[in-house]
Amino acid sequence: DQKYRRMAYDIFSAFEKHCKSDYGYSAISDVRDEIPRHKDEQESFWLAETLKYLYLTLAPRSTLNLDEWVLNTEAQPLPSWK
């Protein structure tokens, strides 16, 4: 659905604008701040989960056949039982 792709693009654009740092993507102190402060740390789930879900949302549907695979809460694909 295109609405989810637009949402994913907006989320990634916000990461680029507010979290991008010299060597990766920083956690921020308070998301409610107009200009968020970087915490000088990158959350462990950033690569392991967040980017995988963004990639899968924006990737062509043929990337992962959801009739054959399920994703756990950490975005790891597991074969579906039939």
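Residues numbered from 1 in each chain as written. Predicted model: local features only at pLDDT ≥ 70, side-chain atom pairs only at ≥ 80, totals over all residues. Heavy atoms only, no water.

Trainee: Any chance you could break down the overall build of the chain for me, citing the residues and the numbers?
Mentor: For the chain, the helix and strand inventory stands at 2 helices and 4 strands. Listing each helix as α and each strand as β along the chain from the N terminus yields α-β-β-α-β-β. Here the chain has a C-alpha radius of gyration of 15 Å; the compact-globule value for 82 residues is 12 Å, and the former is much larger. Expressed as lengths along the three principal axes of its C-alpha atoms, the size of the chain is roughly 50 × 25 × 20 Å. Counting over 82 residues, the chain shows a buried share of 17%. Taken as a whole, the chain presents about 6900 Å² of accessible surface, with 55% of it coming from carbon and sulfur. (Helix = DSSP H or I, 4+ residues; strand = E, 2+ residues; numbered from the N terminus. Rg over C-alpha atoms; globule rule 2.2 N^0.38 Å. Buried < 20%, exposed > 50% of the residue type's maximum accessible area, 1.4 Å probe, protein only. Areas by Shrake-Rupley, 256 points an atom, 1.4 Å probe, with all protein chains shown as cover.)

Trainee: Describe unusual backbone geometry, listing the residues and the values that go with them.
Mentor: Notably, Asp 40 is not glycine yet its phi reads approximately 60°, a positive angle. Following the sequence through the fold, Asp 40 ends up in the loop between strand E2 (24-25) and helix H2 (45-58). When its relative accessible area of 74% is taken as the criterion, Asp 40 is described as exposed. With a phi angle near 65°, Ala 75 is a residue other than glycine that sits in the positive phi range.

Trainee: Please give an account of the packing of aromatic side chains that cites residues and values.
Mentor: Evaluated as defined, the whole model comprises 3 aromatic pairs. A ring pair is formed by Phe 12 and Tyr 25, whose centres lie 6.4 Å apart and whose planes are at 50°; its orientation type is tilted. On the criterion of sequence distance, the pair formed by Phe 12 in helix H1 (residues 2-18) and Tyr 25 in strand E2 is long-range, its members being 13 residues apart. Look at Tyr 25 and you get buried, because its relative accessible area is 15%. Considering the side-chain rings of Tyr 25 and Trp 46, the 4.8 Å spacing of their centres and the 35° angle between planes classify their relative orientation as tilted. Taken together, the residues Tyr 25 in strand E2 and Trp 46 in helix H2 connect sequence positions 21 residues apart. For the residue pair Tyr 25 and Trp 46, the accessibility class agrees, reading buried in each case. (Phe/Tyr/Trp six-rings, centres within 6.5 Å; stacked < 30°, edge-to-face > 60°.)

Trainee: Please provide a residue-by-residue account of H1, values included.
Mentor: Taking 1.5 Å of rise per residue, 17 residues should cover 24 Å, and H1 covers 24 Å from first to last C-alpha, within 8% of that figure. Its side-chain oxygen at 3.0 Å from the backbone nitrogen of Lys 3, Asp 1 defines the N-terminal cap of H1. (Expected span 1.5 Å × (residues − 1). Polar contact = N/O pair within 3.5 Å; in protein donor to acceptor, adjacent residues only side chain to side chain.)

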